[in-house]
There are 2 protein chains.
Amino acid sequence: MPRKLHLNAFLMNTGHHEASWRLPESDPYAHVSLEHYVRLARTAERGTFDSLFLADGPQLWNTVAQRPAGALEPLTLLTALATATEHIGLIATASTSYNSPYNLARRFASLDIISGGRAGWNVVTTAGAEAARNFGLDAEPAHAERYARAAEFLDVALKLWDSWEDDTIVADKAAGVWGDDARIHPPRHRGTYFSVEGALNVPRGPQGYPLLVQAGSSEDGKRFAARYAEAVFTAQQTLADAQDFYADLKARTAAAGRDPEHLKVLPGIVPVIGSTEAEALARERQLEDHIVHEHGVRRLEELLRLGPGSLVLDAELPDGLPSEDAIEGAKSRYTLIVELARRERLTVRQLIGRLGGGRGHLTFAGTPEQVADTIERWFSLGAADGFNIMPPVLPSGLDTFVDHVVPILRARGLLRTEYGPRQTLRERYGLPRPANQHLTGVPALV
Amino acid sequence: MPRKLHLNAFLMNTGHHEASWRLPESDPYAHVSLEHYVRLARTAERGTFDSLFLADGPQLWNTVAQRPAGALEPLTLLTALATATEHIGLIATASTSYNSPYNLARRFASLDIISGGRAGWNVVTTAGAEAARNFGLDAEPAHAERYARAAEFLDVALKLWDSWEDDTIVADKAAGVWGDDARIHPPRHRGTYFSVEGALNVPRGPQGYPLLVQAGSSEDGKRFAARYAEAVFTAQQTLADAQDFYADLKARTAAAGRDPEHLKVLPGIVPVIGSTEAEALARERQLEDHIVHEHGVRRLEELLRLGPGSLVLDAELPDGLPSEDAIEGAKSRYTLIVELARRERLTVRQLIGRLGGGRGHLTFAGTPEQVADTIERWFSLGAADGFNIMPPVLPSGLDTFVDHVVPILRARGLLRTEYGPRQTLRERYGLPRPANQHLTGVPALV
Ligand SMILES: Cc1cc2nc3c(=O)[nH]c(=O)nc-3n(C[C@H](O)[C@H](O)[C@H](O)COP(=O)(O)O)c2cc1C
Ligand SMILES: Cc1cc2nc3c(=O)[nH]c(=O)nc-3n(C[C@H](O)[C@H](O)[C@H](O)COP(=O)(O)O)c2cc1C
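Computed from a predicted model, the values in this text were never measured in an experiment.

Student: What's the story with the site of ligand 2 in this structure? I'm lost.
Tutor: Residue and element names in this part refer to chain B. In the vicinity of ligand 2, 25 residues are found, and the nearest of them are Asp56, His143, Tyr147, Ser218 and Ser332. Interatomic distance of 3.4 Å between a side-chain N/O atom of Thr93 and an oxygen atom of ligand 2. A distance of 2.3 Å is found between an oxygen atom of ligand 2 and a side-chain nitrogen or oxygen belonging to Ser332. Relative to its unbound accessible area of 620 Å², ligand 2 is 90% covered by the protein chains. Ranked by residues supplied to the shell around ligand 2, first place goes to helix 10 (residues 331-343) with three residues. In the shell around ligand 2, the residues fall into nine nonpolar, 13 polar and three charged.

Quick look at the structure:
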């Protein structure tokens, strides 16, 4: 079977472009509209995407004046979407820094059962002091400590998901025996960050455990991905960078003793699509024209950990910015932005325009053919196993992608034409169902 | 308008009788079956119930040999049920001892939005060391401390739910102004158990905040209910006890400065229904015959905090049991069980039979007329504002109740015959939508 492209629909209220909500057709209440998300999920399913995805952070960002703020909690929203769809995978972001393993493992197991094996977890450590202060901390925990906690969180979660063997339930009504106690394995975990004694109170789900996704690209982030992730979201600006990242991550996965085929790399792409190139560029220009630059400057300053007034709109970034080592927040995103600005000698205004569409992801304006060409090139040249599709405007951008780019990808044999029989999310990504660590003797890894 | 009965359907896998799973018609996988719960929810909606309810605890109880163990996480399951129903309220249990206010407040706000204002929260403090050990503690926190934490949890949650004024979103596309920052009110809470700085990242929901339900009947529990609860679930064995409880709770609510009409008291009833009295008693006997008494003894010993072997199946409870003061778990349930056994001079075997159906709730075997009579008597004699209906066997027990008891209650003018226009859960219970504390100057209370 020829290698197939994996497509993930990254859904975000009115779209990934920060000014998308200002377009005449956009619903400024989209972020709290179940109907909006149901429509998007069904469109992605019409496009035979592998999965859809919701980002998240437990804090209210910036000021609400700037643009739509807040979101329905992703696992909750995805549960509602599970009942409105049949085939598509459902990936929710949740933080290892601000959750308890027992509660979170249970919620993912519940979604996995309710959705018939379609749950995925984008594991994040959550940068920023804003989130920390909502959970009793005064400051953001150090980057390395967040990742250490994340690793222990995953170890505990895997123990919890394996705490029921698949055939625990015997349901012998005559004898009055419902389950086999010998097949229950309480974690009895005592670690640095967590002590978790008892077995999960949900049986093992259809997938064993949810598809594990990761999106950090710092040194710690890549090490974590090589150990635990089955899919990796990443922001890459150039084919060469994406190839390097891809090769590096696959090599690290092999070095961790895993099959590199069992980790899928999905760069993000923000496709601004027009029926002609000129139309696409006009669309891009329309979006840029709606950016409020004063807001963008302040947000960029925050991202670069600079005080208010440090950046000048029509000048380049100042010299002497700290190196990634000094950043405790989102390390790899910091480096990507600074390098992009330096490489292309962008003014702050231009940089904001570039980031407006995709916050560091590849923004690409062109015809459906051109978008398909870029996707195929990255896919065939060792830069991607698939893509994280981030429409700049929603719902229209996803409609356009599904109606115009998907048929081309199908015609080229890169994408399935229909789902076929029901599959789990893990099956869609070509991953095996993990064996139970209590039967194999080693912690589950694929 | 004559006073109407409130009905809540307490759903629990194959039913409230501990032996229900052993009946030929019962699905031993009901606890993880979305279809099962969808069917139940739609039946309750056919019976124009006000709400349905899921109990919960973050631990795996007992041994899985005894009976179905584990459950889908309630907020997750209720989100799926929200999409399968239109009118019925959706009440999930969640623990104040083992959650963070920010995460939990957000999940309830999300469910409230997704369900169109039908979310309710059964606030519990979670008894038992099993749960504590799943969250890094060695032992159960003391009863008084759990309630102190619960009160602060509620104060923080109310601040979070009020952190957006209702008209925060202005959506001025032309000016590029989405929201009014002056209408965002971060809690800036620093307390004994929690520090929560920032505003919630979900707007205020249709109900302002979810219906607040409470079910603890100890001294601390009743004080908490009088302060925060809008509906109270309770286990009462006799009309006189229920009347005392009802009067006490209403008086406490008034003393707390609230309208006693704004707290609804809902005793539980386990109706074993037959078309004749003989048939109902035969049904009850059939269930009792399926109880495995060795399991029941051990569970009763645990409930009474006794070591294995302390109880003798065909003898009464031993003398010298501790008083409620010494119990750190579920205080009021402990007292209820001990008093029931003493009052009726029950042997351990008989007590297990009585508890098998309802774990302390009123178990009532009779015809539909007799069930309706009991309900009407308690309702009209100041013992109840409605009932928590706990069918011993599911789905059949709920079908029978809706098909045979509901028509009688309707014919007597006690229950609505149809829902009419959509309402929020709070409206169904005759409660006002709470004003925002930042507009009234006082923390929201109804
Ligand atoms: C496509 C994509 C989606 C992401 N979604 C989230 C998210 O929802 N929440 C979050 O806290 N971080 C998110 N991140 C950020 C990463 O998880 C990570 O925190 C960030 O890349 C910095 O990690 P690093 O310091 O290891 O580079 C996302 C990153 C990418 C590429
Ligand atoms: C109908 C009903 C349902 C209950 N559901 C739960 C539950 O789901 N989880 C829980 O921990 N306790 C539950 N309880 C127990 C109470 O919340 C409370 O813990 C118990 O009554 C002991 O509280 P007390 O010590 O204040 O009496 C329930 C009680 C009743 C009457």
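After that view, the rundown keeps rolling.
Student: Can you walk me through the nonpolar core in this structure?
Tutor: The nonpolar side chains of a soluble globular protein tend to be buried with one another. Counting 166 residues, the largest nonpolar core has Phe49, Trp161 and Phe401 of chain A together with Phe49, Trp161 and Phe401 of chain B as its most contacted members. The residues touching Phe401 of chain A, leaving out its near neighbours within four places in the chain, are Leu7, Phe49, Pro271, Ile273, Val371, Ile375, Ile389, Val406 and Leu409 of chain A.

Student: It is not clear to me how the confidence of the model for chain A should be interpreted in this structure. Could you clarify?
Tutor: When the pLDDT values of chain A are averaged, the result is 94; 99% of them are 70 or greater. Overall fold confidence (pTM) sits at 0.95, and the ipTM for the predicted complex is 0.95.

Student: How do you make sense of the pairing of strand 4 (residues 119-124) of chain A when you look at a structure like this?
Tutor: It is a general feature of regular strands that their side chains alternate between the two faces of the sheet. Residues and elements named next belong to chain A. Here strand 4 lies mainly inside the structure; six of its six residues are buried. Both faces of strand 4 are covered, namely the face carrying Ala119, Trp121 and Val123 and the face carrying Gly120, Asn122 and Val124. Here strand 3 (residues 89-95) pairs with strand 4 via six bridges, running parallel. Following the sheet pairing, Ala92 is matched in strand 4 by Trp121. With helix 3 (residues 101-114) bridging strand 3 and the parallel strand 4, this β-α-β connection has right-handed handedness. Across four bridges, the pairing between strand 4 and strand 9 (residues 211-214) is parallel. Note that in strand 9 the partner of Gly120 across the bridge is Leu211.

Student: Mind showing me how you'd approach the packing of helix 1 (residues 34-46) of chain A against helix 13 (residues 396-411) of chain A here?
Tutor: In a pair of packed helices, the angle between the axes and the distance between the axes together describe the arrangement. Residues and elements named next belong to chain A. One way to put it is that helix 1 packs onto helix 13 with a least axis distance of 9 Å and a crossing angle of 10 degrees. In terms of their interaxial angle, helix 1 and helix 13 are classed as roughly parallel. Touching Arg39, Leu40, Thr43, Ala44 and Arg46 of helix 1 are Leu398, Asp399, Val402, Asp403 and Arg410, all from helix 13. By residue class, the composition of the contact of helix 1 with helix 13 is four nonpolar, one polar and five charged.

Student: Quick question: what am I supposed to make of the site of ligand 1 here?
Tutor: All names here are of chain A. Of all residues adjacent to ligand 1, which total 25 residues, the nearest are Asp56, His143, Tyr147, Ser218 and Ser332. Contact between ligand 1 and Asp56: an oxygen atom at 2.7 Å from a main-chain N or O atom of the residue. Note that an oxygen atom of ligand 1 is positioned 2.7 Å from one of the side-chain N or O atoms of Tyr147. Taken together, the elements giving at least two residues each to the shell around ligand 1 come down to strand 4, helix 5 (143-161), strand 10 (231-234) and helix 10 (331-344).

Student: Looking at this structure, I do not really get the pairing of strand 5 (residues 169-172) of chain B. What am I missing?
Tutor: All names here are of chain B. Alternating residues of strand 5 divide into Ile169 and Ala171, all buried, and Val170 and Asp172, none buried. Bridge count for strand 5 against strand 6 (residues 177-179) is two bridges, and the pairing is antiparallel. Of the residues in strand 6, the one forming a bridge with Asp172 is Val177. Here strand 5 folds back onto strand 6, and the loop between the two strands holds four residues, one of which, Gly176, carries a positive phi near 75 degrees.

Calculation notes
Residues numbered from 1 in each chain as written. Chains lettered and ligands numbered in written order. Predicted model: local features only at pLDDT ≥ 70, side-chain atom pairs only at ≥ 80, totals over all residues. Heavy atoms only, no water. Near = heavy atom within 4 Å. Polar contact = N/O pair within 3.5 Å; in protein donor to acceptor, adjacent residues only side chain to side chain. Areas by Shrake-Rupley, 256 points an atom, 1.4 Å probe, with all protein chains shown as cover. Helix = DSSP H or I, 4+ residues; strand = E, 2+ residues; numbered from the N terminus. Nonpolar A, V, L, I, M, F, W, Y, C, P; charged D, E, K, R; others polar. Core = buried A, V, L, I, M, F, W, Y, C linked by side-chain atoms within 4.5 Å. Buried < 20%, exposed > 50% of the residue type's maximum accessible area, 1.4 Å probe, protein only. Contact = heavy atoms within 4.5 Å. pLDDT = per-residue confidence, 0-100. Pairing = 2+ DSSP bridges. Right-handed = clockwise from strand over helix to strand, strands pointing away. Axes fitted to C-alpha atoms, helices over the stretch in contact; angles between N-to-C directions. Parallel < 35°, antiparallel > 145°, perpendicular 65-115°, else oblique.

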